[in-house]
Amino acid sequence: MNGTAWRKSRRSSTNGGNCVEVARVTGSIATRDSKNPEGSRLTFTMEEFGAFLAEVKAGKLDG
């Protein structure tokens, strides 16, 4: 995924915190841990990622 434009929330602090970065890659969305950018990545279809965001926004994944 060289050359991929990764983004994280504007609400993320600049001191390294617990951030998830996302990138659009050929019809899907990839995610990674900002503290370990070379580590594992999860890839979702656009539909899957949309459903995930809806669950987060609705508070259904709050622990």
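Each remark here, short or long, concerns the structure printed above.
Predicted, not measured: the structure shown is a model, and the values here were computed from it.

Caption draft 1: Spotlight on the pattern of salt bridges. Overall, the coordinates contain 2 salt bridges when judged by the stated rule. Note that Arg32 and Glu21 form a salt bridge whose closest N and O atoms lie 2.7 Å from each other. On the criterion of sequence distance, the pair formed by Arg32 in strand 2 (residues 28–33) and Glu21 in strand 1 (residues 20–25) is long-range, its members being 11 residues apart. Across the pair, exposure class does not vary: Arg32 and Glu21 are buried alike. Asp33 is the salt-bridge partner of Lys35, the closest N and O atoms lying 3.8 Å from each other.

Caption draft 2: Spotlight on helix 1 (residues 46–57). Across its 12 residues, helix 1 extends 16 Å between first and last C-alpha, which sits within 8% of the 16 Å expected from 1.5 Å per residue. Phi turns positive, to about 75°, at Gly59, one or two residues after helix 1.

Caption draft 3: Region of the structure containing a nonpolar patch on the surface. Taken together, the side chains of Phe52, Leu53, Val56 and Leu61 define a hydrophobic patch exposed on the protein surface, amounting to about 320 Å² of accessible area. Its location among the elements puts Leu53 in helix 1. Under the relative-accessibility criterion, Leu53 is labelled partly exposed at 32%.

Caption draft 4: Layout of the sheet that holds strand 1. A sheet is described by the order of its strands in space; here 3 strands give the open sequence 1-2-3, paired in antiparallel fashion. One side of each edge strand has no neighbouring strand; the edge strands of this open sheet are strand 1 and strand 3 (41–45). Going across the sheet, the axis of each strand differs from the next one's by a mean of 25°, ignoring polarity. Both strand 2 and strand 3 contribute to a ladder of 5 bridges, which runs antiparallel. Following the sheet pairing, Ala30 is matched in strand 3 by Thr43. Of the strands in this sheet, strand 1, strand 2 and strand 3 touch helix 1, which is tilted by about 100° from strand 3.

Rules and cut-offs
Residues numbered from 1 in each chain as written. Predicted model: local features only at pLDDT ≥ 70, side-chain atom pairs only at ≥ 80, totals over all residues. Heavy atoms only, no water. Salt bridge = Lys/Arg side-chain N within 4 Å of Asp/Glu carboxyl O. Helix = DSSP H or I, 4+ residues; strand = E, 2+ residues; numbered from the N terminus. Buried < 20%, exposed > 50% of the residue type's maximum accessible area, 1.4 Å probe, protein only. Expected span 1.5 Å × (residues − 1). Patch = residues over 30% accessible without salt bridge, like charges linked within 9 Å, V, L, I, M, F, W, Y side chains within 5 Å. Areas by Shrake-Rupley, 256 points an atom, 1.4 Å probe, with all protein chains shown as cover. Pairing = 2+ DSSP bridges. Axes fitted to C-alpha atoms, helices over the stretch in contact; angles between N-to-C directions. Contact = heavy atoms within 4.5 Å.

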